[in-house]
Amino acid sequence: MRRFSALIIVLALVGCLSDPTTLHGGPVPPEIKTVVAFVFAPGPTGGPPIPHGTGFFVGVKHPKDETRSFVYLVTAKHVLQSVDRRSWLPKILLRLNTRKGDLGFIEIPIVPSGRGQTIFLHPTDTTTDVAVIPGLPDEKQFDFKFLPDELLTSKQDFASLKIVEGSEVFFTGLFSPHVGTRRNYPVIRFGRVALITDERVKFGDHDADLYLVDTGAYGGNSGAPVFFYLGSDREPGAIIVGPPVLKLAGVMSGTFLDLQPLRAIETARIAVAPSSMGIAAVVPAYKVKEILAGPELSRRRAQSN
């Protein structure tokens, strides 16, 4: 397996996403799927790796050469942790499609701090469910693209693009019932913004900056990129000329679960089954921007050649 290393890539690799601010209507272009990779956890006792989530690539322009970019893998923080989220996995296995038409794995050690640090979290907000790993796969071996950082939605974009409840979204990521045996097959799911609020939202055991989307999200979707797909309906009553706008909305964190009691027969206990409430939690893209602009990653880019 190839070790994951911090490299710099020419922006030409963005290909069809080199002008990512607009789409020309119709179906989601297939190039969107090439920005994602599948995250696997090591199997128990040396067994086969286990599908664990989704990641995607974002590029930040080189401070001295705008034709080059630093590339980062972005995923949900909990994708890099044990199921109970109390410890970090020793490593992950990133699964990508290759240019030869099959797939390959890249081993990434998880080092959250100290010498050899490989992952970076939000510099001030520990509730942000996002982790960033500097580096990119071998572009000659693997078939992938990255999203330029200008595609990430800022706080100001919410007003200027008129993003409100009802705005269209979609995400693409790992679908655990069909991961693919010879290739990665990301699934695309659609929905709408369900809630934008200035208050922090209680999700799990903490309050966090999130917005909610009306879409189905399940195991394996965590860490997937969520996109705004903003058409002419973003300003009711107005005539908006031009193609729909595509922006990175954020990172899929998970879904709200409803615990439904099951009928128990001849037992004193009531079994409980979790079911999705149809509302998913998304970490805003501006939180990703804040990590990328954090002191350590900024220092590393400034010191590069």
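A. Quick look at the layout of surface pockets. The space that makes up the largest pocket amounts to roughly 750 Å³. Taken together, 28 residues line the largest pocket, and the ones lying closest to its centre are His 78, Arg 85, Phe 203, Ser 222 and Ser 253. Of all the elements, strand 16 (residues 245-261) adds the most residues to the lining of the largest pocket, at 6 residues. A per-class count over the lining of the largest pocket returns 8 nonpolar, 16 polar and 4 charged. Roughly 210 Å³ of volume is contained in the second largest pocket. Lining the second largest pocket are Lys 155, Phe 158, Ile 196, Thr 197, Asp 198, Glu 199, Asp 209, Leu 210, Tyr 211, Pro 284 and Tyr 286. Classifying every residue of the lining of the second largest pocket gives 6 nonpolar, 1 polar and 4 charged.

B. Highlighting the confidence of the model for the chain. For the chain, mean pLDDT is 83; residues scoring 70 or higher make up 81% of the total. With pLDDT under 50 throughout, residues 5-25 is counted as low confidence; its partners more than four residues away or in other chains account for 62 contacts.

C. Fine view of the side chain of Ser 154. With respect to the helices and strands, Ser 154 occurs in the loop between strand 9 (147-148) and helix 1 (155-160). Residue Ser 154 is classed as buried on the basis of its relative accessible area of 15%. When sequence neighbours within four positions are dropped, the list of residues in contact with Ser 154 reads Tyr 286 and Lys 289.

D. A look at the side chain of Thr 153. Tracing the backbone shows Thr 153 in the loop between strand 9 and helix 1. When its relative accessible area of 0% is taken as the criterion, Thr 153 is described as buried. A polar contact is formed between the side chain of Thr 153 and the backbone oxygen of Leu 248, at a distance of 2.6 Å.

E. Broad picture of the packing of aromatic side chains. Per the counting criterion, the structure on display carries 9 aromatic pairs. Their ring planes at 90° and their centres at 5.5 Å tell us that Phe 40 and Phe 105 sit as a pair that is edge-to-face. Highlighted residues: Phe 40 in strand 3 (residues 36-41) and Phe 105 in strand 7 (residues 103-109), separated in sequence by 65 residues. Classification of Phe 40 by relative accessible area gives buried; the value is 5%. Ring centres 6.1 Å apart and planes at 90° place the aromatic pair Phe 170 and Tyr 229 in the edge-to-face group. Note that Phe 170 is positioned in strand 10 (residues 168-173) and Tyr 229 in strand 15 (residues 225-230), a separation of 59 residues in sequence. Each member of the aromatic cluster is reached from another via a ring pair, and the members are Phe 170, Phe 190, Phe 227 and Tyr 229.

F. Quick peek at the pattern of salt bridges. Counting across every chain of the model gives 10 salt bridges. Close ionic contact of Glu 107 with Lys 91 constitutes a salt bridge, the shortest N to O distance being 3.4 Å. With Glu 107 in strand 7 and Lys 91 in strand 6 (residues 91-97), this residue pair connects regions lying 16 residues apart in the sequence. With relative accessibility at 28%, the residue Lys 91 sits in the partly exposed group. Bridged by salt links that share partners, the residues Asp 125, Arg 200, Asp 209, Lys 287 and Glu 290 form one connected network.

Rules of the game
Within each chain, residues carry numbers counting from 1 in the order of the written sequence. Restriction of local features to residues with pLDDT of at least 70 applies here, the model being predicted, together with a cutoff of 80 or more for giving and counting side-chain atom pairs; totals for whole chains, interfaces and linings are based on all residues. As a convention, hydrogens and water are excluded, and side-chain values are obtained from all of the structure's heavy atoms. Definitions used for this entry: grid spacing 1 Å over protein atoms alone; cavity, a set of points where a 1.4 Å probe fits but cannot get out; pocket, an open set with protein on both sides within 12 Å along at least 5 of 7 lines; lining residue, one with an atom within 4 Å of a point. Grid points are joined across faces, edges and corners, and a volume is the space filled by probe spheres set on the points. Helix and strand assignments follow DSSP, with helices taken as H or I runs no shorter than four residues and strands as E runs no shorter than two, numbered in order from the N terminus. Any residue outside Ala, Val, Leu, Ile, Met, Phe, Trp, Tyr, Cys, Pro, Asp, Glu, Lys and Arg is labelled polar, Gly included; the first ten of those are nonpolar and the last four are charged. Each residue carries a pLDDT value, the predictor's own confidence for that position, ranging from 0 to 100. Here, two residues are considered to be in contact whenever any of their heavy atoms come within 4.5 Å of each other. Summary of the burial criterion: residues with accessible area below 20% of their type's maximum are buried, those above 50% are exposed, and those between are partly exposed, where the area comes from a 1.4 Å probe applied to protein chains only. Pairs of N or O atoms within 3.5 Å make up the polar contacts considered here, provided that, within protein, one atom can donate a hydrogen while the other can accept it, and that residues adjacent in sequence are counted only when both atoms are side-chain atoms. Aromatic contacts are taken between Phe, Tyr and Trp rings whose centres are within 6.5 Å, Trp giving its six-membered ring; a plane angle under 30 degrees counts as stacked, one over 60 as edge-to-face, and the others as tilted. Salt bridge criterion: a side-chain nitrogen from Lys or Arg within 4 Å of a carboxyl oxygen from Asp or Glu.

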